[in-house]
Amino acid sequence: KKLTQKEKEATNKAFVTITKTPLKKMDEIQLRKSADLALSLSMFDDALRYLNRLIVQTKNTKVVKEVKLEIADVNFDRGALKLSAEGYDEFLRLYPGDKYAEYAQYKGLLSNYYSILDADRDQTATHNTIRLADAFLEKSSVYKQYNEDVKVIRLSCYERLYDHEVVVFDYYMHKESFKAAETRLAALKKSYGPKLPHYEPIVTGK
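Before going into details, it helps to say that this report is about the structure given with it. In this text, all values refer to a predicted model and were calculated from it rather than measured experimentally. (Residues numbered from 1 in each chain as written. Predicted model: local features only at pLDDT ≥ 70, side-chain atom pairs only at ≥ 80, totals over all residues. Heavy atoms only, no water.)

Let us look at the pattern of salt bridges. Inspection of every chain in the model, using the stated rule, returns 13 salt bridges. Residues lysine 62 and glutamate 66 are paired through a salt bridge, measuring 2.5 Å at the closest nitrogen-oxygen approach. Taken together, the residues lysine 62 and glutamate 66, both in helix 4 (residues 61–77) and 4 residues apart, mark about one turn of the helix. We note a salt bridge from arginine 154 to aspartate 134, for which the minimum N-O separation is 2.7 Å. Of this pair, arginine 154 sits in helix 8 (residues 147–174) while aspartate 134 sits in helix 7 (residues 124–137), and the two are 20 residues apart along the sequence. Here aspartate 134 falls in the partly exposed class, since its relative accessible area comes to 28%. Several salt bridges share partner residues, and in doing so they unite Arg32, Asp36 and Glu70 into one network. (Salt bridge = Lys/Arg side-chain N within 4 Å of Asp/Glu carboxyl O. Helix = DSSP H or I, 4+ residues; strand = E, 2+ residues; numbered from the N terminus. Buried < 20%, exposed > 50% of the residue type's maximum accessible area, 1.4 Å probe, protein only.)

Looking now at the side chain of glutamine 105. Summarising the element assignment, glutamine 105 is placed in helix 6 (residues 101–113). Residue classification places glutamine 105 among the buried residues on the basis of a relative accessible area of 12%. Leave out the neighbours within four places in its chain, and glutamine 105 touches Leu92, Ala135, Phe136, Lys139 and Tyr143. (Contact = heavy atoms within 4.5 Å.)

Now the structure itself:
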């Protein structure tokens, strides 16, 4: 929640007090409290320092699992999408049957989706998101919460790739490279006609 000025001052005071203890001398309770206070103040870098130290220090495997997912969430919230994608992927590799596996797979997909560039830029992230969406939907008999969102995201990715192909097609047309433009248009119809039926009048030339 958003803190009032008075709450913020109290939280900051508590954070300053507890973090007088050097990082390597903190126990697990101090590390957890320091991370929570830092997160309350949106001090993400500080929070990550304490969370990463907590993983190193604790002998509780449940805590390790929970904090690994929390670190991925913190990176997602601060816009470090590459790191969050890597964190969610690691969580899934380590805990594929965990109750939060669907959540982690969905957030990993979002990390890639939010990295997608404009239609005239490189579309690697778009292709990655489609791959992740397909993998997610393969588990639709098990996963229940995010299936419809993932379908919408995948459709959006197809639309972005279509727009990218149109940019390339227009480039060849402006250069009067008509043979290359014709080849690109044929590929566009073949690749995206079936996936984007609402675009059919455009891709088929009807």
